[in-house]
Amino acid sequence: LIIVVISPKYKKDVEGGGDDEHSQHTKYIHSQIQNEYIQQGCLNFRLVPVLFPNATKADVPSWMKNTRIYRWPSDTQELVLRLLREERYIIPHVSPTSPLLTLRSSLGVGPSWGEC
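Conventions we followed
- Residues numbered from 1 in each chain as written.
- Predicted model: local features only at pLDDT ≥ 70, side-chain atom pairs only at ≥ 80, totals over all residues.
- Heavy atoms only, no water.
- Helix = DSSP H or I, 4+ residues; strand = E, 2+ residues; numbered from the N terminus.
- Buried < 20%, exposed > 50% of the residue type's maximum accessible area, 1.4 Å probe, protein only.
- Polar contact = N/O pair within 3.5 Å; in protein donor to acceptor, adjacent residues only side chain to side chain.
- Contact = heavy atoms within 4.5 Å.
- Pairing = 2+ DSSP bridges.
- Phe/Tyr/Trp six-rings, centres within 6.5 Å; stacked < 30°, edge-to-face > 60°.

Taking an unreviewed UniProt entry as the reference, the chain is identified by name as SEFIR domain-containing protein belonging to Oryzias latipes.

(A) Spatial organisation of the side chain of S23. Relative to the helices and strands, S23 resides in helix α2 (residues 21-39). Owing to a relative accessible area of 1%, S23 belongs among the buried residues under this scheme. Among the polar contacts made by the side chain of S23, one reaches the side chain of D13 at a distance of 2.7 Å. At 2.4 Å, the side chain of S23 forms a polar contact with the side chain of D20. Setting aside its immediate chain neighbours within four residues, S23 contacts K9, D13 and G18.

(B) Fine view of the sheet that holds strand β2 (residues 47-51). Spatially, β1-β2-β3 is the arrangement adopted by the three strands of the open sheet, whose pairing is parallel. Across the chains shown, the open sheet's two edge strands, defined by having one partner strand only, are β1 (2-6) and β3 (70-71). Looking at chain direction, β2 and β3 are connected through two bridges and run parallel. Considered in β3, the bridge of L51 is made with R71.

(C) Here's a closer look at the packing of aromatic side chains. Summed over the entire model, instances satisfying the criterion amount to two aromatic pairs. A ring pair is formed by F52 and W72, whose centres lie 6.5 Å apart and whose planes are at 25 degrees; its orientation type is stacked. One end of the pair, F52, is in the loop between β2 and β3; the other, W72, is in the loop between β3 and α3 (76-84), and 20 residues separate them in sequence. Assessed through its relative accessible area of 32%, F52 is described here as partly exposed.

Shown next, in the form of structure tokens:
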């Protein structure tokens, strides 16, 4: 997985606003990620965009906007599940007495699952 931390500086760097060494590295990595995305038929298999508190969806590059964007720290539980490649809901074995859907137990971060 590739975690992309989205911030106003990230947008400025990938859109050509920064000319320092850090900005050049950011542009290069961004172009590599974008090329992989295009080669995969514009399907996202590894990219995990994360918006930090100082960022908005306007800071997300347009080609990344069609994928799930996580907000830090409010989406911590969903982000951890994504990184672990686990689903939030567990599909139960079918039996007449089992519930239709089981909610995953808490990971110990953020509010408990019952509060979501």
